[in-house]
Amino acid sequence: MNRRFRFRRVANYVNLATPLGLLISIIGGATRNPGPDGLILAFGYRYRFPVAGAFTVGNVVLTRWDALPDHLVRHEGRHATQWAWCVGLPMLPLYLLSMLVSVMVCGNQATYNLFERLADLEDGGYPRAPLWWRRRRGGE
């Protein structure tokens with residue numbers, strides 16, 4: 001495994017994000033499997049929150065599905081790196097604030113969310129919504 005992914009794995013254990021992700025996967029009834037680059041893929045997560053195909057807490061990628069396409073694993077891997085850079089749990093309020101800003105400027109939770117943009121919107125399956133003030137009004 002690449003040195004940067006080993007560092008990410010250690011950082012996310014030390015900052016308690018990965019242990020939190022493992023706890024969420026256990027509570028959610030997910031089956032955990034080793035993934036690429038030090039990720040832990042947790043399949044069969046049973047809760048409907050959050051509303052996403054997959055979400056990441058530390059190095060744990062949780063999903064209700066039985067498998068994930070490679071592009072989505074890459075996207076979620078970038079979120080795992082963001083957890084390390086945010087030193088763990090501060091990622092939660094920062095992500096929520098970024099999501100709120102995106103909703104306020106374009107009505108979509110991801111398009112202008114800094115974390116989703118840095119993780120690659122297309123890999124995450126997110127659309128690019130125009131800003132409210134740049135939309136054409138009907139008939140103009």
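Residue numbers run consecutively from 1 along every chain, following the written order of its sequence. Where local features are concerned, this predicted model is filtered to residues with pLDDT of at least 70; where side-chain atom pairs are given and counted, the filter is 80 or more; whole-chain, interface and lining totals use all residues. With hydrogens and water excluded, all non-hydrogen atoms of the structure serve as input to the side-chain values.

Going by an unreviewed UniProt entry, the chain carries the name DUF4157 domain-containing protein and comes from Nonomuraea angiospora.

**A closer look at the overall build of the chain**
Strands here are runs of E lasting at least two residues and helices are runs of H or I lasting at least four, both read from the DSSP assignment and numbered beginning at the N terminus. Per the secondary structure count, the chain includes six helices and four strands. Its helices and strands in sequence order give the chain the pattern α-α-β-β-β-β-α-α-α-α, from N to C terminus. Each of the three principal axes of the chain carries a C-alpha extent, and together these read 55 × 30 × 25 Å. Categorising residues by exposure relies on relative accessible area from a 1.4 Å probe, with only protein chains included: less than 20% of the type maximum marks a residue as buried, more than 50% marks it as exposed, and the intermediate range marks it as partly exposed. Within the span of the chain, comprising 140 residues, buried residues form 42% of the whole. Summarising the internal contacts of the chain: among those between residues at least 6 apart in sequence, 41% fall at separations of at least 24. Whether two residues are in contact is decided by their heavy atoms, any of which lying within 4.5 Å being enough.

**Focus on the UniProt feature "transmembrane region" (unreviewed entry) in the chain**
UniProt positions are given in the numbering used here, feature names are shortened, and annotations may be inferred rather than shown by experiment. UniProt records the feature "transmembrane region" (unreviewed entry) at residues 12-31, 43-62 and 83-105, using the numbering of this structure. Here residues 12-31 runs as 70% helix and 5% strand, with 20 Å between its end C-alpha atoms.

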